[in-house]
Amino acid sequence: MEFLKLQGLDKPVSRLMKGTDYFYHDSYEKAAANMDAYFAIGGNCFDSAHIYCGGQSEEVIGRYLKERGNRDQWVILTKGAHHDHNGPRVSREAIRSDLMTSLERLQVDTIDMYGLHRDDPNVPAGEVIEILNEHIKSGAVQTIGVSNWTWQRIQEANDYAAEKGLVGFSFSSPNLSLAKANEPFWAGCVSVDDETLAWHEANQLPLFSWSSQARGFFTGRFTPEDRSNADLVRVFYSDDNWERYERAKQLAEQKNVTQIQIALAYVLNQAFPTCALIGAQSLEELRSCDEGSRIKLTREEMAWLDLSSDKK
């Protein structure tokens, strides 16, 4: 397993991060076994959020860490300030409330990596930095980042932090996958485009990709004619993505691996630090991800896979 070093965090972070948005109390034994298996292949990072599973995801993680007694061996990434039915919640009180609740559910006194789950462009980025730095100073969080923020907003926030001598964002978590999204998964979600890739390469800000394997697009279970999965059709079905699918298939055959492992390798072979959030729920899937994370792709292979070399 490869690891990243993040600004403000003493522990290294595994480049495969364990998604936990299916962790419920009534399937605790499955979740615990899954975490044990992930840890066994070298992983050390949970990805959760205040809203996942109505709060049960964080509670399951808290129970697991207490039972195993190995909190110090794990890196916890959790997120707050997701909007609700009334709209955006990027405010001092919402951030504080979500953070305090997450600490209680996780049964910890500090969260290694804390991210804002959504943005509210009406709130000045500098104001957000000021709020989050209060929680860094209190020790409630170690380092901060964002999910589903544009690179322009991150730049604004980090410029403010640099000017004021404060801690800026040390990671961003949008969707990055070999299959490019036609439209957002959900309102307020951000998927990487060419500008975002260029900005991350220039700034070397770590990116944690959700839906890193395009929600199963590259598993071989789907075809252009199979339109049974409405969300997959809406977000990922396009002529260009089916061409990327075919190229991933060709390269997988050459390297004696699978298409979905090539898709994962695409995320992990960017020209800047990346981690992939994985939803693997079985030992077989975990091993596939582990093997896929070890595949090295050249810049020429990367450009051919995502069709960017065709544009030149």
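Residues numbered from 1 in each chain as written. Predicted model: local features only at pLDDT ≥ 70, side-chain atom pairs only at ≥ 80, totals over all residues. Heavy atoms only, no water.

Novice: Any chance you could break down the pairing of strand β10 (residues 274-278) for me, citing the residues and the numbers?
Specialist: Each regular strand shows side chains that alternate between the opposite faces of the sheet. Where burial is concerned, most of β10 is hidden: five out of the five residues are buried. Along β10, one buried face is formed by Thr274, Ala276 and Ile278 and the opposite face, lined by Cys275 and Leu277, is buried too. Note that strand β9 (residues 207-209) and β10 share three bridges and pair parallel. Along β10, the bridge assignment pairs phenylalanine 208 with cysteine 275. (Buried < 20%, exposed > 50% of the residue type's maximum accessible area, 1.4 Å probe, protein only. Helix = DSSP H or I, 4+ residues; strand = E, 2+ residues; numbered from the N terminus. Pairing = 2+ DSSP bridges.)

Novice: Give me the packing of helix α4 (residues 125-138) against helix α5 (residues 151-164): which residues, what numbers.
Specialist: Axis separation between α4 and α5 bottoms out at 8 Å; the angle between their running directions is 60°. In terms of their interaxial angle, α4 and α5 are classed as oblique. For the element pair α4 and α5, the recorded crossing hand is right-handed. Residues Ala125, Gly126, Ile129 and Glu130 of α4 form the contact with α5, whose participating residues are Arg153, Glu156, Ala157, Tyr160 and Ala161. (Axes fitted to C-alpha atoms, helices over the stretch in contact; angles between N-to-C directions. Parallel < 35°, antiparallel > 145°, perpendicular 65-115°, else oblique. Left-handed = near helix turned anticlockwise from the far one by under 90°. Contact = heavy atoms within 4.5 Å.)

Novice: Describe the packing of helix α1 (residues 28-40) against helix α2 (residues 56-68), and please don't skip the residues or the numbers.
Specialist: Packing of α1 against α2 brings their axes to within 11 Å, and their N-to-C directions diverge by 60°. In the crossing of α1 with α2, the sense of the turn from one axis to the other is right-handed. Packed against α1, whose contacting residues are Tyr28, Glu29, Ala31, Ala32, Met35 and Asp36, the element α2 presents Val60, Arg63, Tyr64, Glu67 and Arg68 at the interface. Residue composition of the contact of α1 with α2, grouped by class: six nonpolar, no polar and five charged. (Nonpolar A, V, L, I, M, F, W, Y, C, P; charged D, E, K, R; others polar.)

Novice: Explain empty space enclosed by the protein to me, using residue names and the numbers behind them.
Specialist: Scanning the entire structure with this criterion turns up one cavity of 30 Å³ or more. Volume-wise, the largest cavity comes out at about 30 Å³. Lining the largest cavity, in full, are Trp149, Trp151, Ile154, Ser172, Pro174, Val190, Ser191, Val192, Thr196 and His200. For the lining of the largest cavity, the elements supplying multiple residues, two or more each, are α5 and α6 (194-203). Partitioned by chemical class, the residues of the lining of the largest cavity number six nonpolar, four polar and no charged. (1 Å grid on protein atoms, 1.4 Å probe; cavity = no way out; pocket = protein on both sides within 12 Å on 5 of 7 lines; lining within 4 Å. Points joined across faces, edges and corners; volume = space filled by probe spheres on them.)

Novice: I'd love a proper account of the side chain of serine 48, names of residues and values included.
Specialist: Checked against the element boundaries, serine 48 lands in the loop between β4 (45-47) and α2. There is a polar contact of 2.8 Å between the side chain of serine 48 and the side chain of serine 57. Setting aside chain neighbours within four positions, we find serine 48 in contact with Thr20, Ser57, Glu58, Ile61, Leu77, Thr78 and Lys79. (Polar contact = N/O pair within 3.5 Å; in protein donor to acceptor, adjacent residues only side chain to side chain.)

Bear in mind that shape data such as this cannot, by itself, settle questions of function.
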